[in-house]
Amino acid sequence: MPDGKPAGVRCVQLGPDERCMIFGRADRPAVCGSLRPSEEMCGNSRDHAMVWLERMEAHTAPDHNGGLI
Ligand code: SF4
């Protein structure tokens, strides 16, 4: 994704098994490698992780007003 991955858009490198297809390769974006998952982020289900991600996307959106969602 040469112009970056917009929030809410599935990464082209995410395979049908929900795994990164370029994991471990040098061309994997540095930001991906720097992400440190946590229990707070991942929870115990995909649904929990998706809610957390959606909140992070909302909080880091350019037009976010700084309030809680
Ligand atoms: S780790 Fe990065 S490159 Fe891999 S699927 Fe996720 S966003 Fe895409």
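Cut-offs used in this document
Residues numbered from 1 in each chain as written. Predicted model: local features only at pLDDT ≥ 70, side-chain atom pairs only at ≥ 80, totals over all residues. Heavy atoms only, no water. Helix = DSSP H or I, 4+ residues; strand = E, 2+ residues; numbered from the N terminus. Buried < 20%, exposed > 50% of the residue type's maximum accessible area, 1.4 Å probe, protein only. Contact = heavy atoms within 4.5 Å. Salt bridge = Lys/Arg side-chain N within 4 Å of Asp/Glu carboxyl O. pLDDT = per-residue confidence, 0-100.

Peer 1: Even after reading the chapter, I still don't get the overall build of the protein, so can you show me in this structure?
Peer 2: Looking only at helices and strands, the protein features three helices and zero strands. Structurally, the protein occupies a C-alpha span of about 35 × 30 × 20 Å along its principal axes. By the burial criterion, 6% of the 69 residues in the protein qualify as buried. Taking all contacts inside the protein whose residues are at least 6 apart in sequence as the whole, residues at least 24 apart take part in 8%.

Peer 1: Would you mind showing me how to read the environment of Val12 here?
Peer 2: Inspection of the secondary structure assignment puts Val12 in the segment before helix H1 (30-34). Taking the C-alpha atoms as reference points, Val12 and Ala61, separated by 49 residues in sequence, lie 21 Å from one another. Setting aside chain neighbours within four positions, we find Val12 in contact with Met1 and Met21.

Peer 1: Quick question: what am I supposed to make of the pattern of salt bridges here?
Peer 2: Where side chains of opposite charge bring their charged atoms close, a pairing between them can arise. On inspection of all chains with the given rule, the structure shows two salt bridges. One salt bridge connects Glu18 with Arg10, and the closest N-O pair in it is separated by 3.4 Å. Judged by its relative accessible area of 42%, Glu18 falls in the partly exposed class. We note a salt bridge from Asp27 to Arg25, for which the minimum N-O separation is 2.7 Å.

Peer 1: Which parts of the structure should I look at to understand unusual backbone geometry?
Peer 2: Among all residues except glycine, the phi angle is most often negative; among peptide bonds, the trans geometry is most common. One non-glycine residue, Glu18, adopts positive backbone phi at about 65°. On the secondary structure map, Glu18 appears in the segment before H1.

Peer 1: In this structure, what is going on with the confidence of the model for the protein? I would like to understand it.
Peer 2: The predicted structure's coordinates, where accompanied by low pLDDT, should not be read in detail. In the predicted model, the protein carries a mean pLDDT of 88, and the fraction of residues at 70 or more is 93%. Ranking the elements of the protein by mean pLDDT puts helix H3 (residues 46-59) last, at 91, and helix H2 (residues 39-42) first, at 95.

Peer 1: I would appreciate a short explanation of the environment of His64 in the present structure.
Peer 2: Mapped onto the secondary structure, His64 falls in the segment after H3. For His64, a relative accessible area of 23% gives the class partly exposed. Not counting residues within four places of it along the chain, the set of residues in contact with His64 comprises Ala58 and His59.

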